[in-house]
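# Examining the three-dimensional arrangement
What follows is each chain in one-letter form.
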Amino acid sequence: MSDQASLLTFVLVARIPEEGIADFQAYEAAVLPLLGEFGGRLERRLRSQDGTTEVHIVSFASEADFQNYRNDPRRTAQVRLLETSAAKLELLSMTNVQ
């Protein structure tokens, strides 16, 4: 990866209904391991004690890497798990502040 200042960084906030936690976690188990193939890195992953809120800090070396990850057929094949989880997602593009 390139230096920290040039990374593309996202914060994902997921709010998951209790009945969707298992599907959401199955989705993550399938797609998070793909990050490294696309210059991506899970910097931090936080989960509330009840499992209904998760926050991920993810970085990519470039916008192209991010888009390639998003469009990978192995990832898109798992979208049904995300949909059945009924998770509400907020994806924020962030910059590093010194």
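Details of the structure are given in the entry above.
Here we summarise the structure given alongside this text. (Residues numbered from 1 in each chain as written. Predicted model: local features only at pLDDT ≥ 70, side-chain atom pairs only at ≥ 80, totals over all residues. Heavy atoms only, no water.)

### Remarks on the nonpolar core
Selection criterion: Only buried Ala, Val, Leu, Ile, Met, Phe, Trp, Tyr and Cys residues count toward a nonpolar core, and they belong to the same one when joined by side-chain atoms within 4.5 Å. To sort residues, take the accessible area from a 1.4 Å probe on protein chains only and compare it with the maximum for the residue type: under 20% means buried, over 50% means exposed, and anything in between is partly exposed. Numbering of helices and strands runs from the N terminus, with a helix taken as a DSSP run of H or I at least four residues long and a strand as a DSSP run of E at least two residues long. Contact criterion: two residues are considered in contact whenever any of their non-hydrogen atoms come within 4.5 Å of each other.
Among the nonpolar cores identified, the biggest contains 19 residues, and I16, F24, L35, F60 and Y69 are the most heavily contacted of them. The set of elements that each furnish at least two residues to this core consists of β1 (8-15), α1 (21-31), β3 (53-60), α2 (63-71) and α4 (79-85). The element contributing the most residues to this core is α1, with four residues. Contacts of Y69, omitting those with residues within four sequence positions, involve V31, L32, L34, L35, F38, F60 and R75.

### Overview of the environment of V55
You can see V55 is positioned in strand β3. We classify V55 as partly exposed; its relative accessible area is 24%. A C-alpha to C-alpha distance of 22 Å links V55 and N68, two positions 13 residues apart in sequence.

### Focus: the side chain of T52
Note the cut-off: Within 3.5 Å is the distance limit for a polar contact, defined as a pair of N or O atoms, with the added protein rule that one can donate a hydrogen and the other accept it, and that residues adjacent in sequence qualify only through two side-chain atoms.
The topology assignment puts T52 in the loop between β2 (40-47) and β3. Residue T52 is classed as buried on the basis of its relative accessible area, which comes to 16%. A polar side-chain atom of T52 sits 2.7 Å from a polar atom in the side chain of D50. Among all residues touching T52, those that are not within four sequence positions of it are A14, R15, I16, E18 and I21.

Shape descriptors only; they carry no functional weight alone.
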